[in-house]
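Inside the fold
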Amino acid sequence: MVELVKSMVKCYKKKTKKMVGGRRKTYEYYQYQVPLKKSDNLPCSEEVFIIPQNQFEDLIEDEIGGRQSDDKQYKGVIAEYEKELAELEWKHGELSKSYKTLVSKNAKTNKRLRLEGEKITTLEQENKKLQNQLHQINNEYQKLKISHNDELKKNKELIEEMKSKEKSGIWGLLQKKK
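The rules behind these values
- Residues numbered from 1 in each chain as written.
- Predicted model: local features only at pLDDT ≥ 70, side-chain atom pairs only at ≥ 80, totals over all residues.
- Heavy atoms only, no water.
- 1 Å grid on protein atoms, 1.4 Å probe; cavity = no way out; pocket = protein on both sides within 12 Å on 5 of 7 lines; lining within 4 Å.
- Points joined across faces, edges and corners; volume = space filled by probe spheres on them.
- Nonpolar A, V, L, I, M, F, W, Y, C, P; charged D, E, K, R; others polar.
- Pairing = 2+ DSSP bridges.
- Helix = DSSP H or I, 4+ residues; strand = E, 2+ residues; numbered from the N terminus.
- Salt bridge = Lys/Arg side-chain N within 4 Å of Asp/Glu carboxyl O.
- Buried < 20%, exposed > 50% of the residue type's maximum accessible area, 1.4 Å probe, protein only.
- pLDDT = per-residue confidence, 0-100.
- Patch = residues over 30% accessible without salt bridge, like charges linked within 9 Å, V, L, I, M, F, W, Y side chains within 5 Å.
- Areas by Shrake-Rupley, 256 points an atom, 1.4 Å probe, with all protein chains shown as cover.
- Lys, Arg positive; Asp, Glu negative; His and termini not counted.
- Charge placed at Lys NZ, Arg CZ, Asp CG, Glu CD.

With respect to the layout of surface pockets
Empty space left among the atoms is revealed by rolling a probe the size of a water molecule over them. The computed volume of the largest pocket comes to approximately 980 Å³. Along the wall of the largest pocket there are 22 residues; nearest its centre are Leu4, Val5, Lys6, Phe49 and Ile51. Tallied by class, the residues present in the lining of the largest pocket amount to 15 nonpolar, two polar and five charged.

Given below as structure tokens:
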């Protein structure tokens with residue numbers, strides 16, 4: 001940080017007498033002095049620069065004006081960044097919402113698929129049971145059909161046997177006469 005030392009320039013006339021061409025001449029000129037205080041803590045033989053106050057004020061104003069223009073430029077950049085940040089936050093919010101909806105849809109779809117998979121496995125098991133039952137019923141049907149056919153043959157044989165016995169008996173003779 002720059003330390004500023006404030007002091008007032010003191011000006012006074014100094015007269016010197018010189019001998020020029022055997023005559024004494026008195027010259028007057030202005031001498032300037034800048035008194036320093038002990039509290040300024042300047043070591044001896046240190047070089048210092050003195051800037052008049054009006055030039056110093058101009059320098060400060062130029063510096064402040066430059067910084068103000070820089071500040072305006074930075075504020076413009078900051079405003080752009082804040083606008084971009086707000087836009088990105090809005091996009092983030094929208095993406096978060098769509099992500100949440102997609103996650104919930106995915107969870108529902110997975111649940112539905114799992115339930116449908118379970119239904120398919122239970123239906124496949126029931127189908128196997130029903131096929132086994134159908135196969136057993138078909139086997140029983142075939143056995144019953146065979147036994148039915150055997151019974152029909154037996155009945156036909158019995159009927160023929162009875163007819164032949166009837167024809168050979170009394171009734172058979174009476175029916176033949178008619």
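Some thoughts on the pairing of strand E2 (residues 23-33)
Inspection of the sheet shows strand E1 (residues 10-20) paired to E2 by 11 bridges, in the antiparallel sense. By the bridge assignment for E2, Lys18 is matched with Lys25.

Details of the pattern of salt bridges
Close approach of charged atoms lets side chains of opposite charge pair. Applying the stated criterion across every chain yields a total of five salt bridges. For Glu28, the salt bridge is made with Lys13, and the minimal N-O distance between the two is 3.9 Å. You can see Glu28 sitting in strand E2 and its partner Lys13 sitting in strand E1, a full 15 residues away along the chain. When its relative accessible area of 52% is taken as the criterion, Lys13 is described as exposed. A salt bridge links Lys97 to Glu94; the shortest N-O distance between them is 3.9 Å. Of this pair, Lys97 and Glu94 both sit in helix H1 (residues 53-168), three residues apart, roughly one helical turn. For Lys97, a relative accessible area of 54% translates into the label exposed.

Observations concerning the confidence of the model for the protein
Averaged over every residue, the pLDDT of the protein is 87; the share at 70 or more is 92%. Confidence scores differ between elements of the protein, with helix H2 (residues 170-177) showing the lowest mean pLDDT of 59 and H1 the highest of 91.

What about unusual backbone geometry?
Residue Asn41 is not a glycine yet carries a positive backbone phi of 50°. Secondary-structure assignment places Asn41 in the loop between E2 and H1. Residue classification places Asn41 among the exposed positions, given a relative accessible area of 65%. Of note, the phi angle at Ser45 is positive, near 65°, even though the residue is not glycine. Mapped onto the elements, Ser45 comes out in the loop between E2 and H1.

Quick word on a negative patch on the surface
On the surface, a cluster of negative charge is made up of Glu57, Asp58, Glu61 and Asp62. With respect to the element layout, Asp62 can be found in helix H1.

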